[in-house]
Amino acid sequence: MLFLLRKVRRKLMNENKFSTYLLYAIGEIILVVVGILIAVKIDDLNQEAQQEAQQKKYFEGIIIDLKRDSIHFEQLHSDFKTHLDHYYTIFKGIKDNSINVKPRDIELMMYNRTFAPVTQKNHQVTIDKITNAEVRSLLNDYFSNQELAKEGLDEFNENIVEQSRPYIQSMDALHYDSVFHDNIYGFLPSVSLIKKERIPILLQEKRTLQILAFLRISAGLVISDLKRLKEKNSLLIERLDKISKEKN
């Protein structure tokens, strides 16, 4: 009887040791799993912080070039308003047989303009890496409006190069002594390219009013596109700046 009791006791002790070892092993496994989860979480947080820092750098670089675009658009807007002012002076000269039309007014029927924003060109690869859906949408909208403005300006330049400039030259209105002046490397010259005495003849030609109308329409469309584009540009800068500060 005593032998049986001892045997049962030994068996219980062995079972207790096994349970203890099992609990210990389970505890070790839990600690390892928790450690791995913590390490993964820390790594995720580090990657997220690095990604946010990189996105902020993207935004800062884009903002710099958006501001350069803004300056360019403002200058273009001013240039085209100057065109419209001089076109109106020519129009009044045609209608009123005015002598107030100056060579400078006619010259602006010959000058084309360059459309050269830099943001899309400088950041195309960067833009593809932006994770913020709102920012990507705003940028795409901005670039779409930019393309419309470019199309309008291309049309204006086409009118200048293919119609207005050849027409004025064909009327023998160019003052060639001004083109080939004393300074062999100087161009455009400081004096006018247009012969003042030829202006009344230009104003009497029906073709002058037609070309002037084409230029007025295309210049007006460019101004309208530029106004809209400047608004998109300003909104984009404001939003990018706000999002960048929110991440700090």
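Residues numbered from 1 in each chain as written. Predicted model: local features only at pLDDT ≥ 70, side-chain atom pairs only at ≥ 80, totals over all residues. Heavy atoms only, no water.

Of the regular secondary structure elements, the protein holds 7 helices and 0 strands. When the elements of the protein are put in sequence order from the N terminus, they spell out α-α-α-α-α-α-α. Residues counted as buried form 35% of the 248 residues belonging to the protein. Long-range contacts, defined here as pairs at least 24 residues apart, represent 82% of the contacts in the protein between residues at least 6 apart. Carbon and sulfur atoms provide 56% of the accessible area of the protein, an area that totals close to 16,100 Å². (Helix = DSSP H or I, 4+ residues; strand = E, 2+ residues; numbered from the N terminus. Buried < 20%, exposed > 50% of the residue type's maximum accessible area, 1.4 Å probe, protein only. Contact = heavy atoms within 4.5 Å. Areas by Shrake-Rupley, 256 points an atom, 1.4 Å probe, with all protein chains shown as cover.)

Counting residues in each nonpolar core, the largest one holds 51 residues, and the members touching the most others are Phe80, Tyr87, Ile106 and Met109. Of all the secondary structure elements, the ones that give two or more residues to this core are helix 1 (2-96), helix 4 (133-170), helix 6 (199-204) and helix 7 (206-246). Those residues in contact with isoleucine 106, other than ones at most four positions away along the chain, are Ile90, Val101, Ile168, Ile194, Ile199 and Leu202. (Core = buried A, V, L, I, M, F, W, Y, C linked by side-chain atoms within 4.5 Å.)

The final tally for this structure, using the stated rule, is 9 salt bridges. Here lysine 150 ties to aspartate 154 by a salt bridge, and the two come within 2.9 Å at their closest N and O atoms. A residue pair is termed a helical-turn pair when its members lie 3 or 4 positions apart in one helix, as lysine 150 and aspartate 154 do in helix 4 at 4 residues. Overall, lysine 150 belongs to the partly exposed group, its relative accessible area being 34%. On the basis of relative accessibility, which here comes to 36%, the residue aspartate 154 falls in the partly exposed class. Its salt-bridge partner being lysine 195, residue aspartate 172 comes within 3.7 Å of it at the nearest N-O pair. Of the two residues, aspartate 172 sits in the loop between helix 4 and helix 5 (176-179) while lysine 195 sits in the loop between helix 5 and helix 6, which places them 23 residues apart along the sequence. Aspartate 172 sits in the partly exposed class, given a relative accessible area of 35%. (Salt bridge = Lys/Arg side-chain N within 4 Å of Asp/Glu carboxyl O.)

Its location among the elements puts aspartate 105 in helix 2 (residues 103-107). No salt bridge forms around the buried aspartate 105; measuring N to O, its nearest opposite-charge neighbour lysine 102 is 6.0 Å away. In terms of polar contacts, aspartate 105 uses its side chain to reach the side chain of histidine 86, at 2.3 Å. (Lys, Arg positive; Asp, Glu negative; His and termini not counted. Polar contact = N/O pair within 3.5 Å; in protein donor to acceptor, adjacent residues only side chain to side chain.)

Under the counting rule described, the total for this entry stands at 4 aromatic pairs. Taking the centre distance of 5.6 Å and the plane angle of 50 degrees together, the rings of tyrosine 142 and phenylalanine 143 count as tilted. Given the relative accessible area of 9%, phenylalanine 143 is considered buried. (Phe/Tyr/Trp six-rings, centres within 6.5 Å; stacked < 30°, edge-to-face > 60°.)

Moving on to a nonpolar patch on the surface. Together, Ile29, Val33 and Leu37 make up an exposed nonpolar region whose accessible area comes to about 290 Å². Along the chain, valine 33 turns up in helix 1. Using a relative accessible area of 41% as the deciding quantity, one classes valine 33 as partly exposed. (Patch = residues over 30% accessible without salt bridge, like charges linked within 9 Å, V, L, I, M, F, W, Y side chains within 5 Å.)

Another aspect to go through is the environment of leucine 193. Among the structural elements, leucine 193 can be located in the loop between helix 5 and helix 6. Residue leucine 193 is classed as buried on the basis of its relative accessible area, which comes to 6%.

Let us now look at helix 3 (residues 119-127). Along an α-helix, residues three or four apart share an orientation, since each turn contains 3.6 residues. All buried positions along helix 3 are accounted for by Thr119, His123, Thr126 and Ile127. Around the axis of helix 3, the buried residues are gathered within 85 degrees of arc, so they sit on the same side. Exposed side chains of helix 3 directed beyond 90 degrees from the buried face belong to Lys121 and Val125. (Arc of directions from axis to C-beta.)

At a minimum axis distance of 9 Å, the contact between helix 4 and helix 7 shows a crossing angle of 160 degrees. When the axis of helix 4 is compared with that of helix 7, the two are roughly antiparallel. Remark: the crossing between helix 4 and helix 7 carries left-handed chirality. Here the residues of the contact of helix 4 with helix 7 are counted per class, giving 20 nonpolar, 9 polar and 8 charged. (Axes fitted to C-alpha atoms, helices over the stretch in contact; angles between N-to-C directions. Parallel < 35°, antiparallel > 145°, perpendicular 65-115°, else oblique. Left-handed = near helix turned anticlockwise from the far one by under 90°. Nonpolar A, V, L, I, M, F, W, Y, C, P; charged D, E, K, R; others polar.)

Read these as geometric descriptors, not functional statements.
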